[in-house]
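# Secondary and tertiary structure notes
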Amino acid sequence: MLHNATGWWIEEAGAPEALAPLDGRAEADVAIVGGGYLGMWTAWHLLQRAPDTEIVLLERERCGFGPSGRNGGFVNGYWGYVPELAQRFGLEPAARLAREADASIHAIGEFCRSEKVDAWYRAAPEVTIATSPAQDGAWREQVAGLQALGFGDEEVELSPEQVQAICRSPLFRGASMQRTAATVQPARLAFGLRAALLRRGVRIHEGTAVERVEQHGSHVELRTPAGRLRARSAVLAVNWRTTRWPAFARELGVASSHIVLTEPVPEVLAELGWSGHQGLADHRRLLHYLRTTKDGRIAFGWGGGRMAHGARHDAHLDVDTEVVSQIGRTLRRFFPQLESREITHAWGGPIDVAPRRLPIYRSSGGVHAGWGFTGHGVGPCHLGGRILSGLALGERDEVTTLPLVSPAVRHFPAEPARHAGGSLIRRALIRRDEQDADGEPAGPVVAAVTALPKLLGMNLPR
Ligand SMILES: Cc1cc2nc3c(=O)[nH]c(=O)nc-3n(C[C@H](O)[C@H](O)[C@H](O)COP(=O)(O)OP(=O)(O)OC[C@H]3O[C@@H](n4cnc5c(N)ncnc54)[C@H](O)[C@@H]3O)c2cc1C
């Protein structure tokens, strides 16, 4: 098994040649820091809004080598949040958010078609399945909430028989199904987006870490090891590294997610009847997610990786042998047919966790930032790029006024309490999920710790 930080998608896509670092002084209308989906979609939407905008994007490593090129490739939206958001913000903004997120799911498909990016984009509903009796009906409150608001078609319940018709696993029971979703080969999407930006004249410098962002009245100056970039405004799209910026640092925590990939097993997929390109997940508190690839493999991930200490890049965020062995064992419980089949690749990456699991967009003078996708950024970064491009140009419209922009949120505690508390809660969530799977009741300590985030007004990752 090849277990590294960057994983199979990047290898399969074939990384493009690296671009030269910034050297010396440069100027732009908008400077973008970070070449993941969020930074690159921001550049794309800036050009849609104002085609003459001069854009320089600075990426510390290679565009698409972070989580944007390593994720599960599930493209999803926000209907599941609508009942809760409708209570907090009212029905219209909540429904508008979900509709704009759906528009992004479709727009990514349209981008792939029009730009001829073969990112394996497949529109297919997403199915979230109970894999133990404790998970049965975990979706009912949400489905009923959507129905009561008139959006009953967006998420529906599936019977165990309907689930088995999608994919036969001895663990699969009933499920909920979100109708608007898709899957992609994530690295192909990231590299295709990078190529489309270069064709349109965006200047991209790779191997260029932004060390400081200074605000000087009417302009912003970005400092890198060998250069300086002056711009009217700057967009920070640096995912979990947002923790380095004091203005935003307390509004995110850093966890990790990891994926294992089987050798091609087309005959197993045929036996499972899993031919529909659906992304599947379970209803655990720390979810498993699984999908197929074009060459008949199964990619199987888990959102329960370890936490980081603030902005420190702990190696286990990317490569965690303990977590990966556990995922391999779980994969074989889902599909006993894979007992003697090879896991060829494993990888992982950091997850930027926001207090309510929804991303946050905030401006501080001429600097505009987005973070907190909490493991759900593939579709939402497209919408995020629309939002940040609007904020950078000072526009007020249907997306820059969404409830994700400048929300009131509770802060996470400062380090080291954030890491200690987050790790304690993570361990309790894992224990609770295991107890549920084994049909054991939750002990009082585990029950109390797993209830903490909600009591504090936070929704921690799934
Ligand atoms: C294993 C895994 C599975 C996932 N599965 C899914 C999924 O199936 N569906 C889903 O919706 N989401 C998923 N996610 C989450 C999703 O990948 C992210 O939400 C999304 O890619 C975030 O994009 P981004 O542009 O914000 O961040 P990134 O892709 O991390 O890009 C940020 C970029 O900023 C650069 N950078 C950082 N600091 C600096 C600096 N100082 N100067 C210059 N550049 C800098 C980094 O090098 C990086 O390239 C998953 C994540 C992981 C790790």
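Residues numbered from 1 in each chain as written. Predicted model: local features only at pLDDT ≥ 70, side-chain atom pairs only at ≥ 80, totals over all residues.

### Points about the environment of Trp 9
For clarity, the threshold we go by: Numbering of helices and strands runs from the N terminus, with a helix taken as a DSSP run of H or I at least four residues long and a strand as a DSSP run of E at least two residues long. Comment: burial labels come from other C-beta atoms within 10 Å of the residue's own C-beta, placed from the backbone, where a count of 20 or more is buried, 12 or fewer is exposed, and between is partly exposed. Contacts are defined on C-beta atoms placed from the backbone: any two residues whose C-beta positions lie within 7 Å are in contact.
Mapped onto the secondary structure, Trp 9 falls in helix H1 (residues 7-13). Its 28 C-beta neighbours within 10 Å are what place Trp 9 among the buried residues. Sequence separation between Trp 9 and His 376 is 367 residues, and the spatial gap between their C-alpha atoms is 18 Å. Filtering out sequence-adjacent residues up to four positions away, Trp 9 remains in contact with Gly 69, Arg 70, Gln 185, Pro 186 and Ala 187.

### Notes on the nonpolar core
Test applied: By definition, a nonpolar core groups buried Ala, Val, Leu, Ile, Met, Phe, Trp, Tyr and Cys residues that are joined through C-beta atoms within 7 Å. In this entry, domain limits derive from an automatic or database-based domain assignment.
Of all hydrophobic cores here, the largest spans 135 residues; its most connected members are Ala 31, Val 33, Val 82 and Ala 234. With 8 residues, the top contributor of residues to this core is helix H4 (residues 91-114). Composition of this core by domain shows at least three residues from each of domain 1 (2-392) and domain 2 (417-455). Here Val 33 is in contact with Gly 39, Leu 58, Val 210, Leu 222, Ala 234, Val 235, Leu 236, Ala 237 and Val 238, once residues within four sequence places are set aside.

### Digging into the domain arrangement of the protein
Basically, it comes down to this: Amino acids are sorted into nonpolar (Ala, Val, Leu, Ile, Met, Phe, Trp, Tyr, Cys and Pro), charged (Asp, Glu, Lys and Arg) and polar (every other residue, Gly among them).
Domain parsing of the protein yields domain 1 (2-392) and domain 2 (417-455). Spacing between the C-alpha centres of domain 1 and domain 2 amounts to 25 Å. Contacts between the two partners involve 11 residues from domain 1 and, on the opposite side, 13 residues from domain 2. Classifying every residue of the side of domain 1 that touches domain 2 by side-chain character gives 4 nonpolar, 5 polar and 2 charged.

### A look at the site of the ligand
We apply this condition: Here is the check we use: build the C-beta atom from the backbone, and if it is within 6 Å of the molecule or strand, call the residue near.
In the neighbourhood of the ligand, 41 residues make up the surrounding shell, with Gly 34, Gly 36, Gly 72, Gly 349 and Gly 377 lying closest. Contributions of two or more residues to the shell around the ligand are made by helix H2 (37-49), strand E14 (253-262) and strand E18 (343-353). Across the shell around the ligand, the residue classes tally to 17 nonpolar, 19 polar and 5 charged.

### A short note on the packing of helix H11 (residues 417-437) against helix H12 (residues 444-455)
Spelled out, the test is: All axes are obtained by fitting lines to C-alpha atoms, using only the stretch in contact for helices, and the reported angles, taken between N-to-C directions, cover 0 to 180 degrees. In what follows, roughly perpendicular refers to angles from 65 to 115 degrees, roughly parallel to angles under 35, roughly antiparallel to angles over 145, and oblique to any angle outside these ranges. Note: crossing handedness is left-handed where the near helix turns anticlockwise from the far helix by less than a right angle, and right-handed where it turns clockwise.
Contact geometry for H11 and H12: axes closest at 9 Å, N-to-C directions at 120 degrees. With respect to their mutual orientation, H11 and H12 come out oblique. In this structure, H11 meets H12 at a crossing whose hand is left-handed. Across the interface between the two elements, Leu 424, Ile 425, Ala 428, Leu 429, Arg 431 and Arg 432 from H11 touch Val 446, Val 449, Thr 450, Leu 452 and Pro 453 from H12. Of the residues contributing to the contact of H11 with H12, the split by class is 8 nonpolar, 1 polar and 2 charged.

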